[in-house]
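Inside the fold
Here is how the chains run, residue by residue.
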Amino acid sequence: MLITIKLFASFRDGRFKVATREVADGATVADVLRSLEIDEPEVGMMFVRARHVDVDRVLAAGETLSVFPLVGGG
Amino acid sequence: MHKIYRVNMTDLSVKIEPVPEAWAGLGGRALTSTIVAAEVPPTAHALGPNNKLVFAPGLLSGTAASNAGRFSCGAKSPLTGGIKESSAGGTASRIIARLGIKAIVIEGQPAGDTWYSLVVSKDGVEIRPETETLGMGTFAVVEKVNERLGEDFAVITLGPAGEHLMAISNISVKDPESKIRSFGRGGLGGVMGSKKIKFIAVDPTGGAALKLADPAKFKAANLTFTKTLNDHPVSGQGLKKYGTAVLVNVINEAGGLPTKNFTSGQCENHDAFSGETMYDNIVARGGEPSHGCSIGCQIQCSQVYNDKDGKYLTSGFEYETIWALGADGLITDLDVIAEIDNVFDDLGVDSIETPVMFAVAMEAGLLPWGDGKRMLQILREDIAKATPLGRLLGGGTGHVGRAFGLTRIPVVKNQAIPAYDPRPIKGIGVTYATTTQGADHTAGYAIATNILNVGGKVDPLKNEGQVELSRNLQIATAAVDSTGLCLFIAFPALDIPECLGSVVDMLNARYGLSLTGDDVVALGKHVLKVEHAFNLAAGLGPETDRLPEFFELEPLAPHDVTWDMDQKELATFWNF
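Because the structure is a prediction, the values reported are computed rather than measured.

Topic: the packing of aromatic side chains
Residue and element names in this part refer to chain B. According to the stated counting rule, one finds 17 aromatic pairs over all chains in the structure shown. Between the aromatic rings of phenylalanine 55 and phenylalanine 183, the centroid separation amounts to 5.8 Å while the plane-to-plane angle is 55°, which identifies the pairing as tilted. With phenylalanine 55 in strand S3 (residues 53–57) and phenylalanine 183 in strand S11 (residues 180–183), the pair connects residues that are 128 residues apart, well separated along the chain. Grouping residues by exposure puts phenylalanine 55 and phenylalanine 183 together as buried.

A closer look at the sheet that holds strand S14 (residues 302–306) of chain B
Residue and element names in this part refer to chain B. Across the sheet, which stays open at both edges, the three strands sit in the order S13-S14-S15 with antiparallel pairing between neighbours. Among the strands making up the open sheet, the edge pair consists of strand S13 (288–291) and strand S15 (312–315). Here the strands of the sheet are splayed against their neighbours by 20° on average, with no regard to which way each runs. Sheet topology places S14 next to S15; three bridges connect them, and they run antiparallel. Note on S15: the bridge partner recorded for asparagine 306 is tyrosine 312.

A look at the interface of chain B and chain A
Facing 36 residues of chain B, the contacting portion of chain A comprises 21 residues. Together, the buried faces of chain B and chain A total about 2,100 Å²; carbon and sulfur atoms form 59% of this surface. At the boundary of chain B with chain A, the tally comes to five salt bridges. Here chain B is connected to chain A by 13 residue pairs in polar contact (both at pLDDT 80 or more). Of all the secondary-structure elements, those providing two or more residues to the side of chain B that touches chain A are helix H7 (233–242) and helix H8 (247–253) of chain B. No other element matches the five residues that H7 of chain B contributes to the side of chain B that touches chain A. Within the side of chain B that touches chain A, the residues separate by chemical class into 18 nonpolar, 11 polar and seven charged.

Focus: the sheet that holds strand S12 (residues 197–202) of chain B
Residue and element names in this part refer to chain B. Ordered in space as S8-S7-S12-S9-S10-S11, the six strands form an open sheet in which the pairing is mixed. Both edges of this open sheet fall to strand S8 (124–130) and S11, since each of them pairs with a single strand only. Direction aside, the axes of adjacent strands within the sheet are offset by 20° on average. Most of the contacts of helix H3 (residues 138–149) go to S12, to which it runs at about 50°, and overall it touches strand S7 (115–121), S8, strand S9 (154–157), strand S10 (171–174), S11 and S12.

Topic: the domain arrangement of chain B
Reports often express the size of an interface as the amount of accessible area lost when the parts come together. Residue and element names in this part refer to chain B. Here the domain parsing of chain B yields domain 1 (3–202), domain 2 (240–421) and domain 3 (424–495 + 514–576). Using C-alpha coordinates to define each centre, domain 2 is positioned 23 Å away from domain 3. Contacts between the two partners involve 30 residues from domain 2 and, on the opposite side, 30 residues from domain 3. Carbon and sulfur atoms supply 67% of the area buried between domain 2 and domain 3, which totals about 2,300 Å² over both sides. Ranking the residues of domain 2 by area buried against domain 3 places Lys413, Tyr420 and Asp421 at the top, with a combined share of 29%. Scanning the region where domain 2 abuts domain 3 turns up two salt bridges. Among the residues making up the side of domain 2 that touches domain 3, the classes are represented as 17 nonpolar, nine polar and four charged.

Basis of the calculations
Residues numbered from 1 in each chain as written. Chains lettered and ligands numbered in written order. Predicted model: local features only at pLDDT ≥ 70, side-chain atom pairs only at ≥ 80, totals over all residues. Heavy atoms only, no water. Phe/Tyr/Trp six-rings, centres within 6.5 Å; stacked < 30°, edge-to-face > 60°. Helix = DSSP H or I, 4+ residues; strand = E, 2+ residues; numbered from the N terminus. Buried < 20%, exposed > 50% of the residue type's maximum accessible area, 1.4 Å probe, protein only. Pairing = 2+ DSSP bridges. Axes fitted to C-alpha atoms, helices over the stretch in contact; angles between N-to-C directions. Contact = heavy atoms within 4.5 Å. Buried area = accessible area lost by both parts, 1.4 Å probe. Salt bridge = Lys/Arg side-chain N within 4 Å of Asp/Glu carboxyl O. Polar contact = N/O pair within 3.5 Å; in protein donor to acceptor, adjacent residues only side chain to side chain. Nonpolar A, V, L, I, M, F, W, Y, C, P; charged D, E, K, R; others polar. Domains from an automatic or database assignment.

Structure representation (structure tokens):
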């Protein structure tokens, strides 16, 4: 199935801003992170459908996963 | 810091007073709010002779502590009608602390039309008639004062908006590179203008290293403190590289980025004005991605942003300003946003209140959505010169919304709501509703725990736990605001236990005390209660601790949620 991945801040370095990728049916967020060579402890926040998700979240076809390192401001 | 300078603008007299014992353990916000609450009648007109303008460095200002360069300014606010403490960086806090001055209290009001400047030194304050800088923008004032008096003088000044007593006006403070930092919120420029003071210059001559009760312990605690700032990914890396504007994309993805005057939670063109785009532009154009607002800053969230030709456009380019112009007002060209930010600084207007007001004016049809050029024209020709249109807009977001008969007016206690929509991020809604300051994200930054996963996690879309979260953050913030430390130390403080402990150790080593973490919490509670009592007596009762009704009536995409916090639950905020 196809999903869209959006990367932000330092995760864009050497990768991409936004890309559509083929993943196996039933793929989790952890599977996607592994394919991107992003270690889980580096991750600050992840969103699907504007909701926080964790690494166990199973992705559905057509969904968009947004991945941020630990950042903040205010 | 052993003396209070008291300047009476009615009879143009100055007194140097010893610090009363009750104020000895206070600094920054704790001191400005205590003095305002003790000496300003809550029913006083904010622009009248009974209001007082108080400046105070924090408890750790002037020492070698990292990030201790913040400076507090307090008064009754002309915008909210309640007590106000605003915080700024710049060079003044450190210089004033090292002159041994604990606070400067400016009271009264001159009768005539003469404007004045104040020259503060180790010996006192000289009140001088001022003409040359009247009407000048803040950058020109800083240049002129440094030329006239000396490069190393601190400068605290009004732009034209403060001279015109506008509710959107701020007070500007010279930074280490002779640019501008601001006491932004609450219209404090109008209070200084009502006392006919264009600028305050501070002569650093005679300033000395502050005496520490236990220098070795202080040094060790500062090393630990600095390590926690460097070790935390937000304060140690993220803010240095992307500045606070990294939040544009975060809050957009979370569905809480108020767009087109709070009618959507996501903005289509968000990446055009994101922190990532800002960083790329800065690097490509020879600007500086990392830059401090004051001496001793380790976090370096500021930056110098140049135009396409490599010429300076602005610095201290903050998320909330970029959000308000980019998403709320749909001006999506980051270079135009930067130019407007610089004009805000030059005119001396709050870069949150002003652009939120403009988005309301856009909804009213006064100028087209996204029209940055027209906004610049209005700023330069109407607000700077106080034409009738300029005065209408200079009254702020609530003023403009009421003038045009709108119902979607994003204010609490008449102060503009900043860059996080309270419908899908409910913790920040509690802060907006309950803080003594009027809508202010910094008063209890629930975004940390609702969105950023700092200090634990509380689901942003549920009401449960939000009052407690906001209360704990507001108490901690009131304490941090009293130390002179930058509020961004909260990121490591929420996650690394040694951080807050090292702050307590520094306070103890500085003053020879034996405070515990509980004492610091007690100070925060005390500050909030003093401010709350002032507000109640000023007429800002529980009925003003609420969000505007449109948040209850209009669901926000993409979460399709309204603000539905029970008002009785909100009122439990003050149960401490």
